[in-house]
Amino acid sequence: MSRRSRDGGATAGCTVTVCRGCCCGTAAGFDHAGQLTQLRKAVADAAVVRVSDCLDTCAHANVIVVQPSPAGRRAGGRPVWLGLVNDTDAADDIAAWIRAGGPGLADPPGVLDLYAFTPPRRIRQHLT
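Residues numbered from 1 in each chain as written. Predicted model: local features only at pLDDT ≥ 70, side-chain atom pairs only at ≥ 80, totals over all residues. Heavy atoms only, no water.

A few points about the sheet that holds strand E6 (residues 80-82)
Here is step 1 of the chain: Spatially, 5 strands are ordered E4-E3-E5-E6-E7 in an open sheet, and the strand pairing comes out mixed. Sheet topology places strand E4 (47-52) and strand E7 (116-117) at the edges, where each strand pairs with a single neighbour.
Here is step 2 of the chain: When strand E3 (residues 14-19) meets E4, the two strands line up parallel, connected through 6 bridges. Note on E4: the bridge partner recorded for Val18 is Val51.
Here is step 3 of the chain: Packed onto the sheet, helix H2 (residues 32-42) meets E3, E4 and strand E5 (64-67) and runs at close to 160° relative to E4.
Here is step 4 of the chain: In the packing of helix H4 (residues 88-99) onto the sheet, the strands contacted are E3, E4, E5 and E6, and the crossing angle to E5 comes to about 10°. (Pairing = 2+ DSSP bridges. Helix = DSSP H or I, 4+ residues; strand = E, 2+ residues; numbered from the N terminus. Contact = heavy atoms within 4.5 Å. Axes fitted to C-alpha atoms, helices over the stretch in contact; angles between N-to-C directions.)

Set out below in C-alpha coordinates:
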(Lines give C-alpha, C1' and ligand atoms only; values in the text may rest on other atoms or scores of the structure.)
Protein backbone atom coordinates (compact mmCIF):
# COMPACT_ATOMS: atom_id res chain seq x y z
CA MET A 1 0.00 0.00 0.00
CA SER A 2 1.34 3.44 -0.78
CA ARG A 3 0.67 6.91 0.45
CA ARG A 4 1.68 10.33 -0.79
CA SER A 5 4.58 12.28 0.58
CA ARG A 6 4.34 16.04 0.96
CA ASP A 7 5.96 16.55 -2.42
CA GLY A 8 3.32 14.34 -4.08
CA GLY A 9 5.50 11.27 -4.65
CA ALA A 10 4.29 7.83 -3.64
CA THR A 11 5.86 6.09 -0.66
CA ALA A 12 4.95 2.91 1.19
CA GLY A 13 7.14 3.02 4.22
CA CYS A 14 7.77 4.51 7.59
CA THR A 15 8.04 8.19 8.33
CA VAL A 16 11.21 9.21 10.11
CA THR A 17 11.35 12.53 11.93
CA VAL A 18 14.78 13.85 12.80
CA CYS A 19 15.03 16.69 15.29
CA ARG A 20 17.53 19.28 14.08
CA GLY A 21 16.60 22.88 14.93
CA CYS A 22 17.61 22.95 18.59
CA CYS A 23 20.12 21.02 20.71
CA CYS A 24 19.72 18.03 18.41
CA GLY A 25 21.17 19.88 15.48
CA THR A 26 23.67 22.19 17.09
CA ALA A 27 25.73 20.36 19.72
CA ALA A 28 29.42 20.66 18.94
CA GLY A 29 31.53 17.66 18.08
CA PHE A 30 29.01 15.77 15.95
CA ASP A 31 28.27 15.89 12.21
CA HIS A 32 24.51 16.49 12.35
CA ALA A 33 24.18 17.20 8.63
CA GLY A 34 26.21 14.10 7.84
CA GLN A 35 23.95 11.92 9.99
CA LEU A 36 20.86 13.29 8.25
CA THR A 37 22.40 12.64 4.82
CA GLN A 38 23.45 9.14 5.90
CA LEU A 39 19.96 8.31 7.12
CA ARG A 40 18.23 9.73 4.05
CA LYS A 41 20.45 7.71 1.70
CA ALA A 42 20.11 4.52 3.75
CA VAL A 43 16.29 4.56 3.79
CA ALA A 44 15.58 6.34 0.50
CA ASP A 45 13.40 3.52 -0.85
CA ALA A 46 11.87 2.57 2.51
CA ALA A 47 10.86 5.78 4.29
CA VAL A 48 10.21 9.48 4.14
CA VAL A 49 12.69 11.41 6.28
CA ARG A 50 11.56 14.79 7.51
CA VAL A 51 13.22 17.35 9.74
CA SER A 52 11.63 19.00 12.76
CA ASP A 53 12.85 22.25 14.27
CA CYS A 54 12.39 20.94 17.82
CA LEU A 55 10.64 17.91 19.31
CA ASP A 56 10.98 19.38 22.82
CA THR A 57 12.99 16.45 24.17
CA CYS A 58 16.38 18.15 24.32
CA ALA A 59 17.63 15.98 27.19
CA HIS A 60 17.75 13.12 24.66
CA ALA A 61 19.49 14.96 21.78
CA ASN A 62 19.85 13.73 18.97
CA VAL A 63 16.27 12.51 18.67
CA ILE A 64 14.88 10.39 15.85
CA VAL A 65 11.27 9.21 15.76
CA VAL A 66 10.30 6.25 13.59
CA GLN A 67 6.61 6.15 12.78
CA PRO A 68 5.20 2.91 11.36
CA SER A 69 4.08 2.47 7.80
CA PRO A 70 0.34 2.02 7.25
CA ALA A 71 0.87 -1.76 7.26
CA GLY A 72 2.98 -1.52 10.40
CA ARG A 73 0.29 0.53 12.13
CA ARG A 74 -2.33 -2.08 11.20
CA ALA A 75 -0.03 -4.73 12.69
CA GLY A 76 0.10 -2.82 15.99
CA GLY A 77 3.20 -0.71 15.44
CA ARG A 78 3.45 2.63 17.20
CA PRO A 79 5.97 5.46 16.89
CA VAL A 80 9.33 4.69 18.46
CA TRP A 81 11.31 7.57 19.97
CA LEU A 82 15.07 7.13 19.94
CA GLY A 83 17.38 9.50 21.77
CA LEU A 84 21.10 10.05 22.18
CA VAL A 85 21.61 8.89 18.59
CA ASN A 86 25.06 10.38 18.36
CA ASP A 87 27.01 7.89 16.27
CA THR A 88 26.88 6.44 12.79
CA ASP A 89 26.49 2.85 13.99
CA ALA A 90 23.20 3.73 15.72
CA ALA A 91 21.94 5.45 12.57
CA ASP A 92 22.93 2.35 10.56
CA ASP A 93 20.97 0.11 12.98
CA ILE A 94 17.92 2.38 12.70
CA ALA A 95 18.14 2.35 8.91
CA ALA A 96 18.43 -1.45 8.78
CA TRP A 97 15.35 -1.80 10.97
CA ILE A 98 13.39 0.62 8.78
CA ARG A 99 14.41 -1.26 5.63
CA ALA A 100 13.20 -4.48 7.29
CA GLY A 101 9.75 -2.89 7.85
CA GLY A 102 10.08 -0.84 11.03
CA PRO A 103 7.55 -0.66 13.89
CA GLY A 104 4.91 -3.38 13.76
CA LEU A 105 6.59 -5.34 10.96
CA ALA A 106 10.12 -6.03 12.16
CA ASP A 107 11.76 -6.35 15.54
CA PRO A 108 14.31 -3.63 16.11
CA PRO A 109 17.91 -4.65 16.70
CA GLY A 110 18.40 -5.17 20.43
CA VAL A 111 20.90 -2.35 20.65
CA LEU A 112 18.13 0.14 19.87
CA ASP A 113 16.63 -0.62 23.29
CA LEU A 114 19.47 1.51 24.65
CA TYR A 115 18.19 4.51 22.67
CA ALA A 116 14.42 4.12 23.11
CA PHE A 117 12.56 6.45 25.44
CA THR A 118 8.99 7.56 26.07
CA PRO A 119 8.43 11.31 25.85
CA PRO A 120 5.62 13.01 27.77
CA ARG A 121 2.17 12.65 26.20
CA ARG A 122 1.93 16.37 25.40
CA ILE A 123 4.99 16.00 23.19
CA ARG A 124 3.91 12.74 21.50
CA GLN A 125 0.61 14.33 20.48
CA HIS A 126 2.38 16.88 18.25
CA LEU A 127 3.91 14.17 16.08
CA THR A 128 1.02 12.38 14.44
